[in-house]
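Inside the fold
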Amino acid sequence: MILKETLSNIVKAQRKDILLANDSIEREKLKEIKTEKSFAIILSGVRRCGKSTLLRQMIQKSKNFYYFNFEDPSAVSFELADFEILNQVFHEEYGESDHYFFDEVQNVEKWELFVRAMLDKGKYFVITGSNASLLSRELGTRLTGRHLNYELFPFSFIEFLKLKNKKPNIDSFQEYFTKGGFPQYLKIERSESLQDLFTDILNRDISIRHKIRNLKSLKEMAVSLITNVGKEFSYNSLKKTFNLGSVNSAISFVSFFEDSYMLFTVPKFDYAIKKQIINPKKVYSIDNGFSVVNSASFSEDKGKMLENMAFLNLRKRHKEIFYFQENGECDFVIKEGTKITQAVQVCYNLTEQNKERELNGLLEALNKFELKEGLILTYNQEDKFEIKGKSVKVIPLWKWLISGSKL
């Protein structure tokens, strides 16, 4: 329980901060968000990717609003009963409003009870959170049909160009390719910001929340996974490598990493769901710069860096992404509804030596799923092939990123 006077002081200080903030780069996601009364807009994503900034940009469109950041150290003891007091403070300080903006609300147990009650009264909510599983579990129980989900990622290439005031070309892409898109890091360019982020995710989003004692193995596994993007792993191999007590521990650790948006796993495509579950998976990191700073060897493999960046931009648009592997291999196939609709290969530099392997893997996927066109993303090569009735475009990744990331 927090004193009303204390809450009032926190609310006023937070409101002052959020109104003084000057966010020069409008997030692309702002145009996608549909604001509807009696619905909760949920913005989820990794820490420090810009959720609070996006929230501020949405606030600027509101004539009057209520705002509270639950990550404020002064509000660490906030509990469900305090929502009633918070509502009183809002009304007394700022009059009547239908618009609530809550930052990192998942820190309060059973927060969804208050939100649901206010939605029933016709109120409008925008809520941010850094844990995908926690939010979805609570939304699925008490906010079913009353919320719209949006995921936010670090800066896109276009947002990066706006921040740096640069034109799209291979030189500006090279900088984005290695530094990634975390806004704070791009502004101050100090490695400590991404190292601190890594520590914050492990400690605040994972170890404390899930009461994990084996921090050494947790950290070592996280570093290994964000370093080895695009490579296959099995839970059994993780168990052995990091001396875990059981395969279930490995499964849990990976799910915690995914829930915090630190990384993503991609299954091997198979029509049989059971085989998808037991087959080796591939892993991808939330951001190239994040992996470069927190790993000793990630930046040595330019091909994997390119593949990671390609995956991230596919993941922004599609939830069901697989890798395809039979005689050859195709890096990504996209499933929409019940069908595979796209096949994408990533190759840093297409040469006479690797051309046949890369094309064959892609063509095998095109034939398997009866697709007419395929895509090969490269660092800076452009070409086109017509092979056995199939069309294959070769496009530099940076050009693909500024074209809307479509075939």
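See the structure printed just above.
Helix and strand counts for the protein chain stand at 18 helices and 14 strands. For the protein chain, the C-alpha radius of gyration of 23 Å lies close to 22 Å, the compact-globule estimate for 407 residues. Seen through its C-alpha atoms, the protein chain measures out along the principal axes to roughly 70 × 50 × 40 Å. The buried share of the protein chain, reckoned over its 407 residues, is 54%. Nonlocal contacts in the protein chain, meaning residues at least 24 apart in sequence, comprise 67% of its contacts between residues at least 6 apart. Put simply, the protein chain shows about 19,000 Å² of open surface, and 48% of that area lies on carbon and sulfur atoms. The averaged location of the 54 negative side-chain charges in the protein chain is 2 Å from the averaged location of its 61 positive side-chain charges.

Below, the discussion takes up helix α13 (residues 247–259). If you check α13, its first and last C-alpha atoms are 18 Å apart, about what 13 residues at 1.5 Å a residue would give, namely 18 Å. Along α13, the residues that are buried comprise A250, F253, V254, F256, F257 and D259. Just beyond α13, the residue with positive phi is Y261, at close to 65 degrees.

For Q57, the position within the fold is in helix α3 (residues 51–59). Using a relative accessible area of 5% as the deciding quantity, one classes Q57 as buried.

What follows covers the nonpolar core. Judged by nonpolar contacts, the single largest core of 85 residues is most densely connected at F173 and F257. Ignoring sequence-local partners within four residues, the contact set of F257 consists of L202, I206, L218, M221, A222, L225, M262 and L263.

Once that is clear, we can look at the environment of R56. For R56, the position within the fold is in helix α3. Under the relative-accessibility criterion, R56 is labelled buried at 18%.

This part takes up the sheet that holds strand β12 (residues 373–378). Taken in spatial order, the six strands make up an open sheet running β9-β10-β11-β12-β14-β13, and their pairing is mixed. Two strands bound the open sheet, and with one partner strand each, they are β9 (321–325) and β13 (383–387). Going across the sheet, the axis of each strand differs from the next one's by a mean of 30 degrees, ignoring polarity. Of the strand pairs in this sheet, β13 and strand β14 (residues 390–396) are connected by five bridges, and their pairing is antiparallel. Pairing of F385 across the sheet is with V392, part of β14. Across the sheet, helix α16 (residues 302–315) lies against β9, β10 (329–336), β11 (339–346) and β12, angled at about 5 degrees from β10, the strand it touches most.

Note on placement: D287 falls in the loop between β8 (281–285) and α15 (288–294). With no salt bridge to any partner, buried D287 finds its closest opposite charge in K316, at an N-O distance of 8.3 Å. When residues no more than four places from it in sequence are discounted, the contact partners of D287 are P154, K179, G180, G181, F182, N308 and L312.

The next point concerns the environment of F322. Inspection of the secondary structure puts F322 in strand β9. Take F322: its relative accessible area is 4%, and that puts it in the buried class. Discounting residues that sit within four places of it in the chain, F322 has contacts with V266, P267, K268, F269, Q276, D331, F332, V333 and K335.

Below, the discussion takes up helix α10 (residues 191–210). Turn by turn, an α-helix covers 3.6 residues, leaving residues three or four places apart pointing in a common direction. When the terminal C-alpha atoms of α10 are compared, their 27 Å separation across 20 residues agrees well with the 28 Å that a helix rising 1.5 Å per residue should span. For α10, the elements touching its buried residues are α9 (183–188), α11 (215–227), α13 and α15.

Right, let's talk about the environment of H318 for a bit. Within the fold, H318 resides in the loop between α16 and β9. Classification of H318 by relative accessible area gives buried; the value is 13%. The spacing of H318 and Y150 is 168 residues in sequence and 12 Å in space, taken between C-alpha atoms. Discounting residues that sit within four places of it in the chain, H318 has contacts with I334, E336 and Q342.

The subject of this paragraph is the sheet that holds strand β5 (residues 147–151). With parallel pairing, the five strands of this open sheet are ordered in space as β2-β3-β4-β1-β5. Looking along the sheet, the strands with just one partner apiece sit at the ends: β2 (66–69) and β5. Averaged over all pairs of adjacent strands, the angle between their axes in this sheet comes to 15 degrees, without regard to strand direction. Pairing of strand β1 (residues 40–44) with β5 involves five bridges; the strand directions are parallel. From the neighbouring strand, I42 faces β5, where its bridge partner is N149.

This structure, assessed with the given rule, holds 40 aromatic pairs. Aromatic pair F233 and Y235: ring centres 5.8 Å apart, planes at 80 degrees, arrangement edge-to-face. An identical accessibility class is assigned to F233 and Y235; each is buried. Aromatic side chains F269 and Y271 sit 4.9 Å apart centroid to centroid with 80 degrees between the ring planes, which places their arrangement in the edge-to-face category. A residue is classified by how much of its surface remains accessible, and F269, at 9% relative accessible area, is buried. Ring pairs connect the aromatic residues Y66, F68, F70, F78, F83, F90, Y100, F102, F114 and F125, which therefore count as one cluster. Of note, R15 hangs over the ring of F65, and the distance from its end group to the ring centre comes to 4.0 Å. Across from the ring centre of Y323, 4.7 Å away, lies the NZ or CZ of K282, which sits over that ring.

About the criteria used
- Residues numbered from 1 in each chain as written.
- Predicted model: local features only at pLDDT ≥ 70, side-chain atom pairs only at ≥ 80, totals over all residues.
- Heavy atoms only, no water.
- Helix = DSSP H or I, 4+ residues; strand = E, 2+ residues; numbered from the N terminus.
- Rg over C-alpha atoms; globule rule 2.2 N^0.38 Å.
- Buried < 20%, exposed > 50% of the residue type's maximum accessible area, 1.4 Å probe, protein only.
- Contact = heavy atoms within 4.5 Å.
- Areas by Shrake-Rupley, 256 points an atom, 1.4 Å probe, with all protein chains shown as cover.
- Lys, Arg positive; Asp, Glu negative; His and termini not counted.
- Charge placed at Lys NZ, Arg CZ, Asp CG, Glu CD.
- Expected span 1.5 Å × (residues − 1).
- Core = buried A, V, L, I, M, F, W, Y, C linked by side-chain atoms within 4.5 Å.
- Pairing = 2+ DSSP bridges.
- Axes fitted to C-alpha atoms, helices over the stretch in contact; angles between N-to-C directions.
- Salt bridge = Lys/Arg side-chain N within 4 Å of Asp/Glu carboxyl O.
- Phe/Tyr/Trp six-rings, centres within 6.5 Å; stacked < 30°, edge-to-face > 60°.
- Lys NZ or Arg CZ within 6 Å of the ring centre and 35° of its normal.

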